[in-house]
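The chain contents come next:
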Amino acid sequence: DGGITQSPKYLFRKEGQNVTLSCEQNLNHDAMYWYRQDPGQGLRLIYYSQIVNDFQKGDIAEGYSVSREKKESFPLTVTSAQKNPTAFYLCASSFSGQNTEAFFGQGTRLTVV
Amino acid sequence: GDSVTQMEGPVTLSEEAFLTINCTYTATGYPSLFWYVQYPGEGLQLLLKATKADDKGSNKGFEATYRKETTSFHLEKGSVQVSDSAVYFCALPSSGGYQKVTFGTGTKLQVIP
């Protein structure tokens, strides 16, 4: 089945540690995105990538990094520079172009302990 | 810039009640409009969409009509069920050359038996 898979579903991190969230899609989508979701704030865009080996900062990129070495994969690293990393992280993908729907993964809930 | 304003939640309804969730938008041009649904602990799924003015999107008993004159895309359902309990997001793809989506803050719906 085609889809977009995020792992792990739950992740715990100690303060000062970097962690990497995985996102893989087999939908042959060119574009991939990372969003952060906090209660009452909707979704905020962290990074997005339109093609392999290229990505752009979204609205809240500070303290995060990404890579896009393969079309299918778009991992997100939450670095120790991110001051408030506890949140629900959503990965999405879509075909390029305007007005196309985005497909979302099941999300990763990151908690700093 | 593009923006989406959604009615505040949470909304609590009895089963079989009528649902309306308001959504208004500001955008350049005439983008498509989407409603996404997020069930507890999951990612977002596209519920319905409309691609041009006066279009009506529909799915699973939900409907929304793209009203250019009022810049609105209100979500309605004639008779809600307990299984409709979720968070609903109105969304607007950007008018730029890439697929960046602006989401509303989400409206939590709770349906009680």
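Attention here is on the structure that accompanies the text. (Residues numbered from 1 in each chain as written. Chains lettered and ligands numbered in written order. Predicted model: local features only at pLDDT ≥ 70, side-chain atom pairs only at ≥ 80, totals over all residues. Heavy atoms only, no water.)

## Focus on the overall build of chain A
- Along its length, chain A carries zero helices and eleven strands.
- Whereas a compact globule of 113 residues would reach a radius of gyration of roughly 13 Å, chain A reaches 13 Å, a difference of no more than 12%.
- Expressed along its principal axes, the backbone C-alpha trace of chain A runs to roughly 40 × 30 × 25 Å.
- Here chain A holds 113 residues, and 47% of them are scored as buried.
- A total accessible area of about 5,500 Å² is found for chain A, and carbon and sulfur atoms account for 47% of it. (Helix = DSSP H or I, 4+ residues; strand = E, 2+ residues; numbered from the N terminus. Rg over C-alpha atoms; globule rule 2.2 N^0.38 Å. Buried < 20%, exposed > 50% of the residue type's maximum accessible area, 1.4 Å probe, protein only. Areas by Shrake-Rupley, 256 points an atom, 1.4 Å probe, with all protein chains shown as cover.)

## So, the state of the cysteines
- For the coordinates displayed, the defined rule picks out two disulfides over all chains.
- With a sulfur-sulfur separation of 1.9 Å, A:Cys23 is cross-linked through a disulfide to A:Cys91. Here the S-S torsion is close to -75°, and the disulfide linking A:Cys23 with A:Cys91 is therefore left-handed. You can see A:Cys23 sitting in strand S3 (residues 19-25) and its partner A:Cys91 sitting in strand S9 (residues 87-94), a full 68 residues away along the chain. In terms of burial, A:Cys23 and A:Cys91 fall into one category: buried.
- The side chain of B:Cys23 participates in a disulfide bridge whose partner is B:Cys90; the two sulfur atoms lie 1.9 Å from each other. What sets the handedness of the B:Cys23 and B:Cys90 disulfide is the S-S torsion sign, and at about -70° it is left-handed. With B:Cys23 in strand S4 (residues 23-26) and B:Cys90 in strand S10 (residues 86-93), this pair connects stretches of sequence that are 67 residues apart.
- Judged by its relative accessible area of 0%, B:Cys23 falls in the buried class.
- B:Cys90 sits in the buried class, given a relative accessible area of 0%. (Disulfide = S-S within 2.5 Å.)

## Points about the sheet that holds strand S1 (residues 4-7) of chain A
Residue and element names in this part refer to chain A.
- Taken in spatial order, the four strands line up as S1-S3-S8-S7 in an open sheet, and their pairing is antiparallel. Edge positions in the sheet fall to S1 and strand S7 (64-66), since each has one partner strand and no second. Averaged over all pairs of adjacent strands, the angle between their axes in this sheet comes to 20°, without regard to strand direction.
- Sheet topology places S3 next to strand S8 (residues 76-78); three bridges connect them, and they run antiparallel. (Pairing = 2+ DSSP bridges. Axes fitted to C-alpha atoms, helices over the stretch in contact; angles between N-to-C directions.)

## Description of the sheet that holds strand S8 (residues 62-65) of chain B
Residues and elements named next belong to chain B.
- Spatially, the four strands line up as an open sheet ordered S3-S9-S8-S7, and their pairing is antiparallel. The open sheet has two free edges, formed respectively by strand S3 (19-21) and strand S7 (56-59), since each of these has just one partner strand. Going across the sheet, the axis of each strand differs from the next one's by a mean of 15°, ignoring polarity.
- Of the strand pairs in this sheet, S3 and strand S9 (residues 75-77) are connected by three bridges, and their pairing is antiparallel.

## Considering the interface of chain A and chain B
- The interface of chain A with chain B comprises 25 residues on the first partner and 22 residues on the second.
- With both sides pooled, the region where chain A packs onto chain B buries about 1,900 Å², and carbon together with sulfur makes up 50% of that total.
- Counting across the chain A and chain B interface gives zero salt bridges.
- Across the contact surface, chain A and chain B share three residue pairs in polar contact (both at pLDDT 80 or more).
- Counting only elements with at least two residues in the side of chain A that touches chain B, the list comes to strand S4 (31-37), strand S5 (43-51) and S9 of chain A.
- The leading source of residues in the side of chain A that touches chain B is S5(A), at four residues. (Contact = heavy atoms within 4.5 Å. Buried area = accessible area lost by both parts, 1.4 Å probe. Salt bridge = Lys/Arg side-chain N within 4 Å of Asp/Glu carboxyl O. Polar contact = N/O pair within 3.5 Å; in protein donor to acceptor, adjacent residues only side chain to side chain.)

## Section: the side chain of B:Ser72
All names here are of chain B.
- Note on placement: Ser72 falls in the loop between S8 and S9.
- Among the polar contacts listed, one links the side chain of Ser72 to the side chain of Thr70, at a separation of 2.8 Å.
- Once you skip the residues sitting within four places of it in the chain, Ser72 turns out to touch Cys23, Thr24, Tyr25, Thr65, Tyr66 and Arg67.

## What to know about the side chain of A:Ser73
Residue and element names in this part refer to chain A.
- Looking at the element boundaries, Ser73 is found in the loop between S7 and S8.
- For Ser73, a relative accessible area of 11% corresponds to the buried category.
- Here the side chain of Ser73 touches Glu24 through a polar contact of 3.1 Å, side chain to side chain.
- The contact partners of Ser73, leaving out residues within four places of it in the chain, are Cys23, Glu24, Met32, Ser67 and Arg68.

Structural measurements only, silent on function.
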